[in-house]
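Coordinate analysis (summary)
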Amino acid sequence: MTSPQRLPTSLTPLDMALDALLNGLEPVAPVEVTLKEALRCIAASTPPLPAHPLRDTAAVDGYAFCARDLVGASSYSPLPLAAPPSWVEAGEALPEASDCVLDSDSVDLSGPLPQVLAEAIPGQGVRRAGSDIAAGSLIVQAGRRVLPRDLLMARAAGIARLNVRRPRLRIVNVPGGSMTADLIEESAQASGAETVSFTAVGRDAGSIAAALDGGSCDLLLIVGGSGVGRTDAAVTALAARGKILAHGIALQPGRTSAVGRIGNTPVVVLPGAPDQALAAWWTLALPAVDRLSARTLRKTVILPLARKIASSVGIAEIVLLERKLDMWIPLAVGELSLDAIARAEAWLTVPGGAEGFAAGAPVDAYILRD
């Protein structure tokens, strides 16, 4: 029995495959979602916020005063008051002409006249208007991932919904790789994407093709069946429904990955092995998600290498890294064990045109634990 799909005699360089995948890809339209739904999504533009608090408010429970009226007051020289002072609770707006709050121990109400037993300075016991949120601030910059502290800003400003870009991903699992499909779905959700998963009824090309609905998503991922074994038919199914842009990527691990399109929908075929799928996710699928989300460039951390990395020329290789003593320590190159994947704090790609990096060379790596 002949294999349903074959790798070409030469592999497509990773950068060429990525360019073909991203060509013409535009960010999805923003959608308005609840704050809980916005968490981890990529923010779209938001209007500037008003100042918070809008007025000076009490930071502590106590009595509100104007500081200049208390000059000279002390326990040895109490300052009598003509009328009882105004009591404010923490968070309440200060009365007009007040600019400080004294605690209850600084005011004596036991005699016929109230007396102040201490001085104060303007702003004492007070949260100034705009001290938490300056007027014109943004909850989160467009293109940045929404974090829990951003939601705190929104709630403080009384905002219940945010505009985000949330690409729709359809993940088709070829039977036999559910562990890897779960990994990719969870990785996609962590990137802020909305995911829907399906499992093809079989590993044959017809069954896989029947699950490839490119019209209902912004990015289609097929997990498994990308190799050249007798039951590997994912690329054949993609060819039947759309167009293959590249099959056989100069990427280690992950050389059986493929990219294509069904109509205008980009498609990435990821191998069924977890390490190969992760490599294809990081280098192909995740950049597509970032383009669809209009995400700003992901930050890298530059540190020197603790030891050299050797790599084969002509193929891009994934390196997993661990940080120790402000240096990157390579955990795995090209072949990624599950233990190394679990321990890794960052990853980088050695370009296909490089032989690796010398010990002590500064390299920039993408952080995995952010």
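As a further point, take the pairing of strand S23 (residues 327-333). With six bridges joining them, strand S22 (residues 316-324) and S23 adopt antiparallel strand pairing. By the bridge assignment for S23, leucine 320 is matched with alanine 332. Hairpin remark: S22 followed by S23, antiparallel, with two residues in the connecting loop; positive phi at leucine 325, about 50°.

Of the positions making up helix H1 (residues 14-22), those classed as buried are Leu14, Ala17, Leu18, Leu21 and Leu22. The arc enclosing the buried residues of H1, seen along the axis, measures out at 125°, which places them on a common side. In this structure, H1 carries Asp15, Met16 and Asp19 as exposed residues pointing more than 90 degrees from its buried face. Glycine 24 occupies a position one or two residues after H1 and carries a positive phi of about 80°.

Taking strand neighbours across the sheet as the criterion, the three strands line up as S2-S12-S3 in an open arrangement whose pairing is antiparallel. Looking at the sheet topology across the chains shown, the edges are occupied by strand S2 (31-34) and strand S3 (42-43). Pairing of S3 with strand S12 (residues 161-165) involves two bridges; the strand directions are antiparallel. Each bridged residue has a counterpart across the sheet, and for alanine 43 the counterpart in S12 is valine 164.

Basis of the calculations
Residues numbered from 1 in each chain as written. Predicted model: local features only at pLDDT ≥ 70, side-chain atom pairs only at ≥ 80, totals over all residues. Heavy atoms only, no water. Pairing = 2+ DSSP bridges. Helix = DSSP H or I, 4+ residues; strand = E, 2+ residues; numbered from the N terminus. Buried < 20%, exposed > 50% of the residue type's maximum accessible area, 1.4 Å probe, protein only. Arc of directions from axis to C-beta.

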